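# Close look at the chain arrangement
Residues per chain are reported as follows:
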Amino acid sequence: MRLGACANIFLVGPMGAGKTTIGRHLAEILSWPFVDSDHEIELRTGASIPWIFDVEGEEGFRKREEQMIAELTNRRHIVLATGGGAVLRQINRQNLHQRGVVVYLETPVSMQLERTAHDKNRPLLQTADPLTKLAELLKIRDPLYREVAHLIVPTTSGCAKDLAYSIIQKLNFI
């Protein structure tokens, strides 16, 4: 796979997949800006993601996310980490797939749980049984991640920086 001059790299995957960490490494290696869609939503609204979920519900958040994905995918030469549920809307999948190379960071539920266990900034995991919730989310979202992805990268071995180099190698960047 070879990217054109106006390429972007968009990272999708579940909570705890390492989208932000790996994305920062990719951006550093490529000397491109790194953008996290959830962080951009928080910057624009002045509110945290949990607060948006509490006040506007998941649907309100998804509307904001859709607008942000539409805007961010129109940029050039960026590495974008999306929220885990960004793929739920068809328009987001379309914008991501058509405007850049989408990399699905495939991560098993056990690893997601380990990485998100103490993170209170994930509204969907504020439940008595986060393991079951993660499994339910992955069952719904995994086919969507696969649908939108140009490249699937398992995150079960190697550090984030090594995975970033592996992605770049697979995309024939360097």
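Preceding block: the structure.
So, here's what we can say about the structure.

Definitions and cut-offs
Residues numbered from 1 in each chain as written. Predicted model: local features only at pLDDT ≥ 70, side-chain atom pairs only at ≥ 80, totals over all residues. Heavy atoms only, no water. Buried < 20%, exposed > 50% of the residue type's maximum accessible area, 1.4 Å probe, protein only. Helix = DSSP H or I, 4+ residues; strand = E, 2+ residues; numbered from the N terminus. Pairing = 2+ DSSP bridges. Phe/Tyr/Trp six-rings, centres within 6.5 Å; stacked < 30°, edge-to-face > 60°. Axes fitted to C-alpha atoms, helices over the stretch in contact; angles between N-to-C directions. Contact = heavy atoms within 4.5 Å.

## Things to note about the pairing of strand β1 (residues 9-12)
Burial along β1 is two-sided: the residues Ile9 and Leu11 and Phe10 and Val12 are all buried. Direction of pairing for β1 relative to strand β3 (residues 79-81): parallel, over a ladder of three bridges. Each bridged residue has a counterpart across the sheet, and for isoleucine 9 the counterpart in β3 is valine 79. Two strands pair when backbone bridges link them, and β1 and strand β4 (residues 101-106) are joined in this way by four bridges, in the parallel orientation.

## Side note on the packing of aromatic side chains
Counted by the stated rule, this structure contains two aromatic pairs. Their ring planes at 35 degrees and their centres at 5.0 Å tell us that phenylalanine 53 and phenylalanine 61 sit as a pair that is tilted. Of the two residues, phenylalanine 53 and phenylalanine 61, neither departs from the other in class, the shared state being buried. Arranged with centres 4.9 Å apart and planes meeting at 35 degrees, the rings of tyrosine 104 and tyrosine 145 form a pair that is tilted. Here tyrosine 104 is found in strand β4, whereas its partner tyrosine 145 is found in helix α6 (residues 130-148), with 41 residues between them in sequence.

## Considering the sheet that holds strand β2 (residues 34-36)
Strand order in the open sheet formed by five strands is β2-β3-β1-β4-β5, and the pairing between neighbours is parallel. Single-partner strands in this sheet number two, and they are β2 and β5 (151-154). Each strand of the sheet is rotated relative to its neighbour by a mean of 25 degrees, with strand direction disregarded. Sheet strands in contact with helix α4 (residues 90-99) are β1, β3 and β4, and its direction is about 140 degrees off that of β1. Along the sheet, helix α7 (residues 160-170) contacts β4 and β5; its crossing angle with β5, the most-contacted strand, is approximately 155 degrees.

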